[in-house]
Amino acid sequence: MSADAYAVTGAILIALGFYGLVAAHHLLRRVVAFNVIGSGVFLHLGAYATRYGPPDPVPQALIITGIVVALSATALAVGLVVAHALASGRVALPEEAEDD
Amino acid sequence: MSVYLPLLILLSSLVPALLTFFLPERAHGLRNGLNLGGALIKLGLITVMLVSVGRGATYDFSMQLAPGLVLALRPDALSLLFMTLSALLWFLTTIYAIAYFEGKPNQSRFFGFFSLCVAATTGLAMSGSLITFFIFFELLTLATWPLVIHQQNRASLAAGRVYLAYALPASAALLIAILWLESVTGPILFSTPAPLDRLDDTSLRIIFALFIAGMGVKAGLIPLHGWLPVAMAAPAPVSALLHAVAVVKAGAFGIARITIDVFGIDRVEALGVGTPLAVLASATILWGSIRALQQDEIKKRLAFSTVSQVSYIVLGVALAGPFAVIGGLAHLVHQGLMKITLFFCAGIFAERAGVKKIEGLNGLGRIMPWTSVAFSLGALGMIGLPPLAGFVSKVYLGVGALQSGSAWALAVLAASTLLNAAYFLPLLYRLWYLPPAPDAAGDEGKPGLVVPAVLTAAASLGVGLFAGSPYSPLGWATLIVTREYLP
Amino acid sequence: MDAIVVLLAAPLAGAFLSIAAPRLAVVASALVCVVAFVAIGLLGAEMLELGPAIVVPGNWGVPLGIGLEADGKAVAFLAMTALVMAGVITAASVEFAPGSGRRSFGFWPLALLLWAAMNAMILSRDLFNLYVGLELLTLVAVGLVALSGKADALAAALRYMIFALIGSLLYLLGVVMIYGAHGMLDMGLLSARTPAPADGLALALMTAGLAAKTALFPFHVWLPPAHAGAPAPASALLSGLVPKASFLIALRLWSEAMPDIVRPEALVLIALLGAVAVFHGGLLALRQVRLKLIIVYSTVAQLGYLFLIFPLAGGEGAAQPWSAGAWSGVTFHAVSHALAKAAMFLAAGLYMRAVGSDELGAIRGLARSMPMTTFAFGLAALTLMGLPPSGAFTGKYMMITAALASGQWWWGVVLLGGGLLSALYLYRPLEALFDGEGPAEIIRPRRREELAPLFLAAAAILLGIFSAVPFDLIYVGRPDAAVTGL
């Protein structure tokens, strides 16, 4: 039962994150939103681990790999956001309004 | 040797072309030696092939590019007719071009692409399958463009643009026709009759029209001829190439191939597409002549004359009687010899006497006798004066028209002859009978320019005088048609 | 089979070496090139004899372990990557000479990592492993876009990254659903699975994600600023190679892993998007006045061609005789596009340096002072137009033949129409290059910088002339029905 709860929570996180990624203009918010989606996907994946009798170790291995990948992506994204802010003085992409 | 002979003939122009690109501009001797050497080797190889094909030998060199995509070189008698012409004229045009471009820039580029054009023409002539033909046809289109824009000024760039604007849609039409046909029949070889029965007549008519549209641009059939007069912006050796050695001829040759070897003369008649093609060719013959009359620039007049004359070949093939086909095929060579003479001479008048307009020709006969005699022979041949080459073609075409029950074509030939006389005789009159302008000057100091013109003029006299020999263009065309009708 | 491991390890090792010893970056890259060519040669020879090569690293069997498999298409794409890399490395050894600042320090590890990621994605058959490859490729590509450090390049990199990350997450979500339904991720095993209800949605999610990364219309808006903003050697890699990897995975999913659940309408929809991309990209290319932007929009159009294969070789079409021709056709097209596009970007970079701008008005008449570069540009243009005797013509011929054989002639019309359109938009820069005498004073490129684009463009042409050998290779690993072809 609890596995389903994780899966549902994961799905909600994914939806929230996609909303944030599309709706937010502030680049840092978008980076955070990306991480929210990532967490949702990993939670969802983790929920599958208990679906077939004894716990399946593969999803955990996948999640750990995924977290490492997401972390590197986040690091690069934050670095680019900072560099872009320093170079252009803006925290949003050109042609997009900066959030309040 | 015999298996690789077609490949060797192709390489004899391809290798000099590729090497020339990498030669430094200053390496005149090496570049000239390479191109003339290639041309001589090619003539030698073609002679060997001529003799053995005349005795009935066959050649086949195939290379699989991809499943269903075979590069097949299978020279037959028709191939040799075209190939011999282009190889001979390549040699003479190279001599002419070396003299013409002396001291001018970008020679490596010119000679590289020029030889590449000849290589493409050779490949196209030897093609044994439709797709091989298309590949070389396309290569010819592309290799010609840098020659058309060679002078890199506004006029030549505009000419290049117009040329591609006509040629690329044409090749798309050609590719559609080929793929449509081959998707039903499988790969089509010229040597074996294609199973065209698998297509209904309407599809076949559309495919035939697409083929004619695709080739018609190169052959200058109206209304697809617009690029040819514009391309006159190119230097004289390029005009010679376009009008005599390669491009226009490739279109006419292609129409002959499609009609004779893909559809077959009988089927063309059965489909009822031969007469429309003959009418289109006749219209082109007359329209080209009328437009030629209106030009006062020598090269433009010659260009429209080509539009008119090349359609003699198409007319002969479209009339589909044995004599008409012989006349048309022989004219492929005859027109090449006469037209290249005229362009060589026009180039000499422009370069050595500064004359580009018709008025400037006044009295040049005495100042530049050799060139003027050559020009006159070419022009009289075009009109069809016996015993020059054009006369032979016209006789065969006329007999063929009667034979295939298209007496109206005789009227076209007669009208065209009158028009030819109308736009060429005034030129000859100016050359020989009018006094030169007071500031007229000119010399024939460059043998490299004059000798090729005299040689081609002599050749167009020779092929008329010796038309009875089996190795004359007429004799060879007869051989082709005999093999076609009496296999 | 050791060759497969070498192909993954060598670029990675090269990347680490070029970080640890930046002065040796060019040497390391050249070494990786040599090793890669030898490995690909051995792999190809082995495959022709023994069929597809399979490696399971660490002896962990599938499904727990990760399967690496080299079939014909894989070797074709590996060779494409190596050829483009060799050309770009040659050219970049001047522009990014070691020790010439931050940009050159960044370029070499990024380029080699990109190579490693490409090879991983071409060889891997494990959906999750492919995700990791996709992410690595994305991050490296973003780094290359941002290389110049200017504000607009950074903005282009960020925009690219947003699209790419959404794409990765969509793909990952699809992978998670597949794992949830079947408990396995290997493509070979998945092809024999019992279909589950969620398969359709999972495939749709993965495809959407991959399409965003391949810049399929309407997900292409990130591509022009990103590819045009990068330095020329980086653009060559980004435009020539990067989209091909995600395309290859999408195609494998639709024709190898799960062709059974694919519906014909979906195939037509994807190809329609491709067709729209061909014309949309072509028309936009026609309106650009900067050479690099023309090339970039041409990439949008040329990537569209690739998707025309879906109704020919995806879904039920995968088992049909014409799928072999379509597969080979699209492989030829992809490879020759990569070579020609890389050549074109390198040439554009040289023009840009010579006169300080890539506007068509500025590069007028450069054919005179830079004939070799212009020759390369012309050959590349001929390839992109799909004219014989280039490899792209062979590809186009095969694809049109397959379209006619399957009764879907309209895709052939798209191919021909797109070819004419590309002739139109590529004619403009060609004409500009030949227009007049050109400037007297230019910054001359080094000899090897001029040779690199010529080498790449010539390779694209030679591919068309000698296409028989690659053909035998591409066929390795095809189902029997498809090998016989038409």
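Along each chain, numbering runs from 1 in the same order as the chain's sequence is written. Following the order in which they are written, the chains are lettered starting with A and the ligands numbered starting with 1. Residue-level local features of this predicted model are given only where pLDDT is at least 70; pairs of side-chain atoms are given and counted only at 80 or more, and the full residue set underlies all totals for whole chains, interfaces and linings. Only hydrogens and water are removed before side-chain values are computed, so all heavy atoms of the structure are retained for them.

Q: Is there a simple way to explain the packing of helix H4 (residues 102–123) of chain C against helix H11 (residues 242–257) of chain C in this structure?
A: Between two packed helices, both the angle of their axes relative to each other and the distance between the axes serve to describe the pair. All names here are of chain C. Here, axes are lines fitted to C-alpha atoms. For helices the fit covers the stretch in contact, and angles between N-to-C directions go from 0 to 180 degrees. Only DSSP runs of H or I with at least four residues qualify as helices, and only runs of E with at least two residues qualify as strands; both kinds are numbered from the N terminus onward. Two elements in contact, H4 and H11, have axes separated by 10 Å at closest approach and are oriented at 10°. Taken together, the axes of H4 and H11 are roughly parallel relative to one another. Helix-helix and strand crossings are classified by hand; for H4 and H11 the assignment is left-handed. Every residue of H11 that contacts H4 at Leu 114, Met 118, Met 121 and Ile 122 is listed here: Val 242, Ala 245, Ser 246, Leu 248, Ile 249 and Arg 252. Any angle from 65 to 115 degrees is called roughly perpendicular, while one under 35 is roughly parallel, one over 145 is roughly antiparallel, and all others are oblique. A clockwise turn of the near helix away from the far one marks a right-handed crossing, whereas an anticlockwise turn of less than a right angle marks a left-handed crossing. Residue contacts are counted whenever heavy atoms from the two residues lie within 4.5 Å of one another.

Q: Please clarify how unusual backbone geometry should be interpreted in this entry.
A: Trans peptide bonds make up most of the peptide bonds, and negative phi angles are found at most residues other than glycine. Omega for the bond connecting Ile222(B) with Pro223(B) falls within 30 degrees of zero, at 0°, which places this linkage in the cis form. Inspection of the secondary structure puts Pro223(B) in the loop between helix H7 (201–219) and helix H8 (227–230). Looking along the chain, the bond that leaves Phe217(C) and enters Pro218(C) is cis, with omega of 0°. Tracing the backbone through its elements, the reader meets Pro218(C) in the loop between helix H8 (199–214) and helix H9 (223–229). With a phi close to 55°, Gln152(B) is a non-glycine residue in the positive phi region. Along the chain, Gln152(B) falls in the loop between helix H5 (130–148) and helix H6 (154–185).

Q: Whenever I open this one, the arrangement of the chains confuses me. Can you help?
A: In this assembly, two pairs of chains are in contact, and the pair with the greatest number of contacts comprises chains A and C. Spatially, chain A is disjoint from chain B: no contact exists, and the shortest C-alpha separation is 39 Å.

Q: What am I meant to see in the pattern of salt bridges here?
A: Take a side-chain nitrogen of Lys or Arg and a carboxyl oxygen of Asp or Glu: if they are within 4 Å of each other, that pair is a salt bridge. Scanning the entire structure with this criterion turns up 22 salt bridges over all chains. One salt bridge in this structure joins Asp435(C) and Arg154(B), with 3.4 Å as the shortest N-O distance. One end of the pair, Asp435(C), is in the loop between helix H19 (409–434) and helix H20 (447–465); the other, Arg154(B), is in helix H6, on a second chain. Three exposure classes are used, based on accessible area relative to the maximum for each residue type with a 1.4 Å probe and protein chains only: buried under 20%, partly exposed in between, and exposed over 50%. A relative accessible area of 12% places Asp435(C) in the buried class. Classification of Arg154(B) as exposed rests on a relative accessible area of 58%. Residues participating in the shared-partner salt-bridge network are Glu69(C), Asp71(C), Lys73(C), Arg125(C), Arg252(C) and Glu256(C).

Q: What's the story with the packing of aromatic side chains in this structure? I'm lost.
A: In this description, an aromatic ring pair is defined by two values, namely the gap between the centres and the angle between the planes. All names here are of chain B. Stacked, tilted and edge-to-face are the three classes applied to pairs of Phe, Tyr and Trp rings, where Trp contributes its six-membered ring and a pair requires centres within 6.5 Å; stacked means planes under 30 degrees apart, edge-to-face means over 60, and tilted covers the rest. A full pass over the atoms with the stated rule returns 35 aromatic pairs over all chains. Aromatic pair Tyr 96 and Tyr 100: ring centres 6.1 Å apart, planes at 25°, arrangement stacked. Separated by four residues within a single helix, Tyr 96 and Tyr 100 lie in helix H3 (residues 77–100), roughly one turn from each other. Under the relative-accessibility criterion, Tyr 96 is labelled buried at 0%. Note on Phe 110 and Phe 111: the rings are 5.2 Å apart at their centroids and 90° apart in plane angle, and the pair reads as edge-to-face.

Q: Looking at this structure, I do not really get the side chain of Thr259(B). What am I missing?
A: Within the secondary structure layout, Thr259(B) lies in helix H10 (residues 247–263). Residues within four places of Thr259(B) in sequence aside, it is in contact with Phe208(B), Gly264(B), Ile265(B), Val268(B) and Val317(B).

Q: Would you explain the environment of Gly38(B) in this entry?
A: On the secondary structure map, Gly38(B) appears in helix H2 (residues 28–54). Every residue in contact with Gly38(B), bar those within four places of it in the chain, is listed here: Ser12(B), Pro16(B), Gly33(B) and Trp90(B).

Q: Got a minute to help me understand the domain arrangement of chain C in this structure?
A: Note: interface size is frequently given as the accessible area lost on complex formation between the parts. All names here are of chain C. All domain edges in this entry derive from an automatic or database-based domain assignment. Per the domain assignment, the segments of chain C are domain 1 (1–123), domain 2 (126–261) and domain 3 (271–486). Summarising the inter-unit geometry, the C-alpha centres of domain 1 and domain 3 are found 24 Å apart. Listed by partner, the interface residues are 21 residues for domain 1 and 21 residues for domain 3. Values labelled buried area give the accessible surface lost by two parts on being combined, using a 1.4 Å probe and summing over both. Summed over both partners, the interface of domain 1 with domain 3 buries about 1800 Å², with 81% contributed by carbon and sulfur atoms. At the junction of domain 1 and domain 3, the tally comes to zero salt bridges.

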